[in-house]
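# Fold and geometry: a report
Listed below, chain by chain, are the residues.
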Amino acid sequence: MTDKASQPDHSKPGDATEQIQIPLKELIKTRRDKVTKLTSAGINLYPYRYERTHVITELLENFDTMANDETVVRLAGRVMLRRKMGKASFADVRDGSERLQIYVKLNNVGQEGYDLFDTIDLGDIIGCEGTLFVTRTGERTLKVTSFEILTKALHPLPDKHAGLVDIETRYRRRYADLIVNPEVREDFIKRTKIIRTIRDFLNNNDFLEVETPILQPLYGGGMALPFKTHHHRLDRELYLRIADELYLKRLLVGGFEKVWEFCKDFRNEGIDRLHNPEFSMIELYWAYADYRDMAAMFEQMLRQVVFELHGTYRIPYHDHEIDFEPPFKWISMIDSIREETGVDFSGMSFEQATAAAKKLGVTGDGLINRGKVIEAVWEAKVEPTLIQPTFIADFPFEISPLAKKHREKEGLTERFELFIAGLEMGNAFSELNDPVDQLQRFLQQGKALEAGDDEAQPLDDDFITALMYGMPPTAGLGFGVDRLIMILTNKHNIRDVLLFPQMKEMKEGSVPVSKILAQIVDEESTGDTE
RNA sequence: GGGGGUGUAGCUCAGGGGUAGAGCUCCUGCCUUUUAAGCAGGCUGUCGAAGGUUCAAAUCCUUCCACCCUCACCA
């Protein structure tokens, strides 16, 4: 078919004059040729709108009645399969709700219409009008009396049976993944549903949804490396937020008593199955409450979200069944270590704790204070064992610079984290509101920064100023939305709950599709075809 | 960053020093209730990239790139 008389130009890759010789080009060209041919025949393959009477689920719900009444209906969707038998054809059309078979017969659409239907490729988006009937094999079907092409697809669809399996392509071209893998679509609908349920819960509990800066002059509220950027007019460094905590607390100072934010946060750290550089957190702050109150509310929220999605409190996650029926287990960090190892770290000095940790086989570079040592022991010995929802409470003072000192326990803070299936699902404090204490914590963090802890938090002068105006006693909570969704949709990798996960740049080995298209169009205009 | 694995047609995958393979897609023909429609015929490849070994490399070696799993650190 293709004339190979002219040798491909073996110039450098990326050279625009290089002749692309791959099958994909022929597939695209075949489709493109249909467009030019039909366009010159006066048919617009990219029209502006189509008047639908129903989406497919609506047709299926009222199928018998509408079939009996021979109601004329109009639907639109993508052609997923085609079965041609001479002068009649079947096709499967999928819209945003469901799939339906259509039946296109020469007698019903005329020669011109049937010829047009012949040009349709898998992936094209069409609109059709007709009546409903059931085939003799029992399949509910639309008998088409007229149709039009609403969008011509130039790129072929993945395999109609096997679908799109390659994980890398699924992430890089999520649109293709969504077209051919309906279960992926379902998972992302679940994501939206989960977030909506949380939003409803917070609204119903009189929490005010607010928005605070993503571009921050100073980062804080978490332990992480930030993304840095530069504002030209202001000529100053700005950071993408790693958390919104310090801004929400300023609102507590300002008199809002229950606030929350759905926040996109950014952390300049590794990418793996649990981490994406941008991710979603929900943070909420509740005046006149403490961390115990927050734990009770968090339980109720999760309970409601789980039930809303699954209709039960016990859900599968990999090899486990997770039971979300409150109350969740509550245990202090130090007690949990003692339960697991028999070693009691309470009251230990830095030196004693280091020695005890060493005996347990826990050592490391970053263990620069007592709190870090205890945390490291806990992470090694306890965290992996936490399958059922468990609150770990009362973290060491040194690793909790924004939490209030524990009202009874020396060296600890009023802080909990929730763990489910070994994943951290939330972090909450009785929020530190004594400006002097907070100032001292910041100064201590400054020392940690100097000591090589590059995740220690910088001093935020305006935040201290705000606390000097007075923040009421407050409980605060932040939790990772993506991880919660992972648990609730039984996904092992954060990329499966992010529509467009961060990927490295593709550098070699593939021809840009747009370049193929540009070359085809170029050949059309120069008449250099066939 | 360490260890293990993968990369072959648009998609799903075989092959494994000597002519590049299959199914689906696509193209042509037949077929007016099929359904992964069927039947007959046909087109299609920088075998991830760059080097090396060899008479000969998709295959063996080295380096690099991307992706997956895993370990260490962070949500």
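Residues numbered from 1 in each chain as written. Chains lettered and ligands numbered in written order. Predicted model: local features only at pLDDT ≥ 70, side-chain atom pairs only at ≥ 80, totals over all residues. Heavy atoms only, no water.

### Regarding the overall build of chain A
Assigned secondary structure in chain A consists of 16 helices and 18 strands. In terms of C-alpha radius of gyration, chain A reaches 30 Å, well past the compact-globule figure of 24 Å for 530 residues. Buried residues in chain A amount to 46% of all 530 residues. If you take every contact in chain A between residues at least 6 apart in sequence, the share linking residues at least 24 apart comes to 65%. Only carbon and sulfur atoms are counted for the fraction: they give 50% of the accessible area of chain A, which is about 27,100 Å². Across chain A, the mean location of the 67 positive side-chain charges is 4 Å away from that of the 88 negative side-chain charges. (Helix = DSSP H or I, 4+ residues; strand = E, 2+ residues; numbered from the N terminus. Rg over C-alpha atoms; globule rule 2.2 N^0.38 Å. Buried < 20%, exposed > 50% of the residue type's maximum accessible area, 1.4 Å probe, protein only. Contact = heavy atoms within 4.5 Å. Areas by Shrake-Rupley, 256 points an atom, 1.4 Å probe, with all protein chains shown as cover. Lys, Arg positive; Asp, Glu negative; His and termini not counted. Charge placed at Lys NZ, Arg CZ, Asp CG, Glu CD.)

### Structural notes on the sheet that holds strand β2 (residues 88-94)
Read around the barrel, five strands follow the order β1-β2-β3-β5-β4 and close on themselves; strand pairing throughout is mixed. The mean angle between the axes of side-by-side strands here comes to 50°, regardless of whether they run parallel or antiparallel. Pairing between strand β3 (residues 99-105) and strand β5 (residues 140-151): three bridges, direction parallel. Residue pairing in the sheet places Y103 in a bridge with K143 of β5. (Pairing = 2+ DSSP bridges. Axes fitted to C-alpha atoms, helices over the stretch in contact; angles between N-to-C directions.)

### Notes on the domain arrangement of chain A
What the domain assignment reports for chain A is domain 1 (14-163) and domain 2 (182-325 + 429-436 + 452-497). Computed over C-alpha atoms, the centres of domain 1 and domain 2 are 44 Å apart. (Domains from an automatic or database assignment.)

### Comments concerning the pattern of salt bridges
Following the criterion strictly, the structure yields 38 salt bridges and no others. Its salt-bridge partner being D462, residue R250 comes within 2.8 Å of it at the nearest N-O pair. Placement of R250 in helix α8 (residues 245-253) and of D462 in helix α14 (residues 461-469) is noted, with a sequence separation of 212 residues between them. In this structure, the salt-bridge partner of E339 is K329, at a minimum N-O distance of 3.6 Å. Linking E339 in helix α10 (residues 333-341) with K329 in strand β14 (residues 329-332), this pair joins segments that are 10 residues apart in sequence. (Salt bridge = Lys/Arg side-chain N within 4 Å of Asp/Glu carboxyl O.)

### With respect to the environment of A403
Secondary-structure assignment places A403 in the loop between β15 (390-393) and β16 (415-420). Linking A403 and A428, residues 25 residues apart in sequence, is a C-alpha distance of 8.4 Å.

### Let's talk about the protein's contact with RNA strand B
RNA strand B sits among 62 residues. The nearest are P23, R136, T137, E168 and R483. In RNA strand B, the atoms that sit within 4 Å of the protein are 61% sugar and phosphate, with bases accounting for the remainder. Note that a phosphate oxygen of RNA strand B is positioned 3.1 Å from one of the backbone N or O atoms of L24. Separating a base oxygen of RNA strand B from a side-chain N or O atom of N107 is a distance of 2.4 Å. Every element with two or more residues in the surface near RNA strand B is listed here: α1 (23-40), β1 (73-85), β2, β3 and α5 (167-172). Among the elements that line the surface near RNA strand B, the one with the most residues is α1, at five residues. Taken together, the residues of the surface near RNA strand B break down into 21 nonpolar, 15 polar and 26 charged. (Near = heavy atom within 4 Å. Polar contact = N/O pair within 3.5 Å; in protein donor to acceptor, adjacent residues only side chain to side chain. Nonpolar A, V, L, I, M, F, W, Y, C, P; charged D, E, K, R; others polar.)

### Describing the environment of Y103
Inspection of the secondary structure puts Y103 in strand β3. Of the residues examined, Y103 reaches a relative accessible area of 15% and is grouped as buried. Each C-alpha atom, one on Y103 and one on R196, is 39 Å from the other, the two residues being 93 residues apart in sequence. Ignoring any residue separated from it by four or fewer positions in sequence, one finds Y103 in contact with A88, S89, F90, F133, T141, L142, K143 and V144.

### Let's talk about the packing of aromatic side chains
Counted according to the given criterion, the structure contains 15 aromatic pairs. Between the aromatic rings of F442 and F463, the centroid separation amounts to 6.4 Å while the plane-to-plane angle is 85°, which identifies the pairing as edge-to-face. Of this pair, F442 sits in helix α13 (residues 435-450) while F463 is found in helix α14, placing the two residues 21 residues apart along the sequence. Exposure remark for F442: the relative accessible area of 2% places this residue in the buried category. (Phe/Tyr/Trp six-rings, centres within 6.5 Å; stacked < 30°, edge-to-face > 60°.)

### Remarks on the pairing of strand β18 (residues 474-480)
Counted residue by residue, β18 has seven buried out of seven residues, so it is predominantly covered. Of the two faces of β18, both are covered, the one formed by T474, G476, G478 and G480 as well as the one formed by A475, L477 and F479. Here seven bridges tie strand β11 (residues 278-287) to β18, and the two strands are oriented antiparallel to one another. Counterpart to E283 in the pairing with β18 is G478. With four bridges connecting them, strand β17 (residues 423-430) and β18 associate as antiparallel partners. Looking at β18, one finds that N427 is bridged to G478.

### Thoughts on the sheet that holds β18
An order of β6-β10-β11-β18-β17-β16-β15-β14 is seen for the eight strands of this open sheet, with the pairing classed as mixed. Looking at the sheet topology across the chains shown, the edges are occupied by β6 (208-209) and β14. In this sheet, β15 lies alongside β14 in parallel orientation, the contact comprising four bridges. Looking at β15, one finds that I331 is bridged to I392. Those strands touched by α8 are β10 (258-266), β11, β17 and β18, and its axis lies near 25° from that of β11. Together, β14 and β15 form the strand contacts of α10, whose direction differs from that of β14 by roughly 90°.

### Side note on the packing of α10 against helix α12 (residues 370-381)
In the contact formed by α10 and α12, the axes pass within 10 Å of each other and the chain directions differ by 50°. Overall, the two elements α10 and α12 adopt an arrangement that is oblique. Two packed elements cross with a definite hand, and for α10 against α12 that hand is left-handed. Contact with α10, carried on its side by M333, S336, I337, E340 and T341, involves I374, E375, V377, W378 and K381 of α12 and no other residues of that element. (Parallel < 35°, antiparallel > 145°, perpendicular 65-115°, else oblique. Left-handed = near helix turned anticlockwise from the far one by under 90°.)

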